[in-house]
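Here is what each chain is made of, one letter per residue.
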Amino acid sequence: MSRQISLTQYLIEQQREHGHIPQELRLLIEIVARACKRIAIAVNKGALGDVLGTAGSENVQGEVQKKLDIIANEVLIEANEWGGHLAAMASEEMDGIYVVPNRYPQGEYLLLFDPLDGSSNIDVNVSIGTIFSVLRKVGHSRGVAEEDFLQPGKQQAAAGYCVYGPQSMLVLTVGDGVAVFTLDRETGSWVLTQEQVRIPEDTKEFAINMSNMRHWAPPVKRYIDECLAGSTGPRGRDFNMRWVASMVADVHRILTRGGVFLYPWDQREPDKPGKLRLMYEANPMAFIVEQAGGAAVNGSERIMNLQPSKLHERVAVALGSKNEVERIAAYHREAAQK
Ligand SMILES: O=P(O)(O)OC[C@H]1O[C@](O)(COP(=O)(O)O)[C@@H](O)[C@@H]1O
Ligand SMILES: [Mg+2]
Ligand SMILES: [Mg+2]
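Every value quoted in this text rests on a predicted model; they were computed, and no experiment measured them.

## Comments concerning the packing of aromatic side chains
Remark: the centre distance and the inter-plane angle together describe each pair of aromatic rings, the angle taken between the planes. Overall, the coordinates contain four aromatic pairs when judged by the stated rule. Ring plane angle 75° and centroid distance 5.2 Å describe the contact between Y10 and F181, whose orientation is recorded as edge-to-face. Highlighted residues: Y10 in helix α1 (residues 7-17) and F181 in strand β9 (residues 179-184), separated in sequence by 171 residues. This pair shows no difference in class: Y10 is buried, exactly as F181 is. Joined through ring pairs, the aromatic side chains of W243, F261 and Y263 make up one cluster. Taking NZ or CZ as reference, R222 lies 3.6 Å from the ring centre of Y331, over its face.

## Some details on the coordination of the magnesium ion (ligand 3)
Binding of the magnesium ion (ligand 3) to the protein goes through E92 (OE), D114 (OD) and L116 (O), at separations of 2.0 to 2.2 Å. Between the two metal centres, the magnesium ion (ligand 3) and the magnesium ion (ligand 2), the spacing is 3.7 Å, with D114 acting as a shared donor. Taken together, the residues span a long stretch of sequence, with E92 in the loop between β3 (86-91) and β4 (98-99) and L116 in strand β5 (residues 109-117) at a distance of 24 residues. As far as burial versus exposure is concerned, E92 and L116 are alike and both buried.

## Here we look at the coordination of the magnesium ion (ligand 2)
The protein atoms that coordinate the magnesium ion (ligand 2) are D114 (OD), D117 (OD) and E281 (OE), at distances spanning 1.8 to 2.0 Å. Ordering the donors of the magnesium ion (ligand 2) by residue number gives the pattern D-x2-D-x163-E.

## Some words on the site of ligand 1
What surrounds ligand 1 is a group of 17 residues, the closest being D117, G118, N209, M247 and Y263. Contact distances for ligand 1 include 3.0 Å between an oxygen atom and a side-chain N or O atom of W243. Within the backbone of M247, a nitrogen or oxygen atom sits 2.7 Å from an oxygen atom of ligand 1. Relative to its unbound accessible surface of 480 Å², ligand 1 loses 87% to contact with the protein. The cavity that encloses ligand 1 is the largest pocket. Residue assignment for the shell around ligand 1 shows that the elements contributing at least two residues are β5, β13 (260-263) and β14 (276-277). Residue contributions to the shell around ligand 1 peak at three residues, all from β5. There are two domains that each give the shell around ligand 1 at least three residues, and those are domain 1 (7-194) and domain 2 (205-337).

## Here we look at the UniProt feature "domain: Fructose-1-6-bisphosphatase class 1 C-terminal" (unreviewed entry) in the chain
With numbering matched to this structure, UniProt assigns "domain: Fructose-1-6-bisphosphatase class 1 C-terminal" (unreviewed entry) to residues 199-332. Secondary structure content for residues 199-332 is 36% helix and 15% strand, and the end C-alpha separation is 23 Å.

## Details of the packing of helix α2 (residues 23-45) against helix α3 (residues 67-81)
Running from amino to carboxyl end, α2 crosses α3 at an angle of 150°, the nearest separation of the two axes being 9 Å. On the basis of the axis angle, α2 is roughly antiparallel to α3. Handedness of the crossing formed by α2 with α3: right-handed. Every residue of α3 that contacts α2 at L28, I31, V32, A35, R38, I39, A42 and V43 is listed here: L68, A72, V75, L76, E78, A79 and N80. Residue classes in the contact of α2 with α3 are distributed as twelve nonpolar, one polar and two charged.

## Points about the domain arrangement of the chain
Domain annotation of the chain identifies domain 1 (7-194) and domain 2 (205-337). Measuring from the centre of the C-alpha atoms in domain 1 to the corresponding centre in domain 2 gives 24 Å. Note on domain 1 versus domain 2: buried area summed over both sides is about 2900 Å², and carbon and sulfur give 62% of it. Of all residues in domain 1, I131, L150 and Y161 give up the largest surface area on contact with domain 2, accounting jointly for 20% of the area buried on that side. For the pair domain 1 and domain 2, the interface holds two salt bridges.

## Re the nonpolar core
L25, V134, L172, F181 and W190 are the most contacted members of the largest nonpolar core, which has 48 residues in total. Per element, the largest residue contribution to this core is twelve residues, and it comes from α2. Sequence-distant contacts of L25, that is, excluding residues within four places in its chain, are made with Y109, V134, A157 and A158. In terms of nonpolar packing, the next biggest core, distinct from the first, is built from 46 residues, L135, L276, A282 and A286 among them.

## Things to note about the sheet that holds strand β12 (residues 240-241)
The strand order β12-β11-β13-β17-β15 describes an open sheet built from five strands, whose pairing is mixed. Of all the strands in the sheet, the pair left with one neighbour each is β12 and β15 (295-297). Two strands pair when backbone bridges link them, and β13 and strand β17 (residues 317-320) are joined in this way by four bridges, in the antiparallel orientation. Within β17, the position partnered with L262 by the bridge is A318. Contacts from helix α5 (residues 218-229) reach β11 (205-207) and β13, with the element oriented near 140° to β13.

## Brief notes about the pattern of salt bridges
Counted by the stated rule, this structure contains 17 salt bridges. For the salt bridge of E108 with R136, the shortest nitrogen-to-oxygen distance reads 3.6 Å. A residue pair is termed long-range when its members are at least 10 positions apart, and E108 in the loop between β4 and β5 and R136 in strand β6 (residues 128-136) qualify at 28 residues. We classify R136 as partly exposed; its relative accessible area is 36%. Between E281 and R277 there is a salt bridge; the shortest N-O distance is 3.0 Å. Side by side, E281 and R277 carry an identical accessibility label, which is buried.

Thresholds applied
Residues numbered from 1 in each chain as written. Chains lettered and ligands numbered in written order. Predicted model: local features only at pLDDT ≥ 70, side-chain atom pairs only at ≥ 80, totals over all residues. Heavy atoms only, no water. Phe/Tyr/Trp six-rings, centres within 6.5 Å; stacked < 30°, edge-to-face > 60°. Helix = DSSP H or I, 4+ residues; strand = E, 2+ residues; numbered from the N terminus. Buried < 20%, exposed > 50% of the residue type's maximum accessible area, 1.4 Å probe, protein only. Lys NZ or Arg CZ within 6 Å of the ring centre and 35° of its normal. Donors = N, O, S within 2.8 Å, 3.2 Å for Na, K, Ca; no water. Near = heavy atom within 4 Å. Polar contact = N/O pair within 3.5 Å; in protein donor to acceptor, adjacent residues only side chain to side chain. Areas by Shrake-Rupley, 256 points an atom, 1.4 Å probe, with all protein chains shown as cover. 1 Å grid on protein atoms, 1.4 Å probe; cavity = no way out; pocket = protein on both sides within 12 Å on 5 of 7 lines; lining within 4 Å. Sits in = over half its atoms within 2 Å of the grid points. Domains from an automatic or database assignment. UniProt positions renumbered as here; feature names shortened; annotations may be inferred. Axes fitted to C-alpha atoms, helices over the stretch in contact; angles between N-to-C directions. Parallel < 35°, antiparallel > 145°, perpendicular 65-115°, else oblique. Left-handed = near helix turned anticlockwise from the far one by under 90°. Contact = heavy atoms within 4.5 Å. Nonpolar A, V, L, I, M, F, W, Y, C, P; charged D, E, K, R; others polar. Buried area = accessible area lost by both parts, 1.4 Å probe. Salt bridge = Lys/Arg side-chain N within 4 Å of Asp/Glu carboxyl O. Core = buried A, V, L, I, M, F, W, Y, C linked by side-chain atoms within 4.5 Å. Pairing = 2+ DSSP bridges.

Structure, rendered in structure tokens:
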């Protein structure tokens, strides 16, 4: 158990004592955290709050939207648009960027989010979450455009996720390690419950959707085949497998006890680099995982070095325990040399 301080106190420390974040970023993160609290409450109400089921619409990626996808998106927009710290927002659930309306003060930050991650788990009462990434608008040009968002993940000012599970937790990095806050429903505050999280460098647990095995590229197939071969194979030890199908829940497990998570490119849609979205899924998770001593690659390249070319760009992802991710990257490099 760590020091019993609130998210607000933690952020004030980061601002005043460590000088890691300016006041505007602190206030922006507090607003995002408040929005996540509202989403957590909606998730918990379930059928009582009429939040389950589909909304009957599709998002820009052609995915059927659930009611909670839309509710969570609206909560995040409404909470953040008047705060004065943002220039614009972007979301998995919106085609283009959402520029802060003129009636509100404009700030210098850009906020990206996957309002509801793991949508297929909403109706079956399995952990879901929210993922967010904060960038600073580069340059001092007036107005804001989609191009302002197209920055590599290494330029993130902050990133985090909330997992709505048996407990609601907020996991945050401002570039000074990773801190975990648990929602105290009696007081309504996010309380620090872990600091300086470290992901073990080695693991015996992998997470991948095995039903896609026949579609994978050779380096991914090789890595998983070797894990499956267990103590009689080249790895000389048995591996365990987990797949929640909510990236937040899979990443949270890895942050807690180690492991490796893969959503690789596959032959079902060869023109797409992967299923997950670079800017509001892979980048924020990569920032958190690296800050906890892990690694995140798209195959052979560090995810946070990738230069995005569009808002909803997709990417292959392998992240988690450092030594396993480096092994996966090495297999990709070897395959590319053949
Ligand atoms: O159903 P699959 O193909 O296993 O995909 C699961 C992956 O899709 C995602 O649900 C995508 O997120 P969304 O729910 O935000 O679309 C990830 O969270 C998860 O890792
Ligand atoms: Mg998602
Ligand atoms: Mg989503």
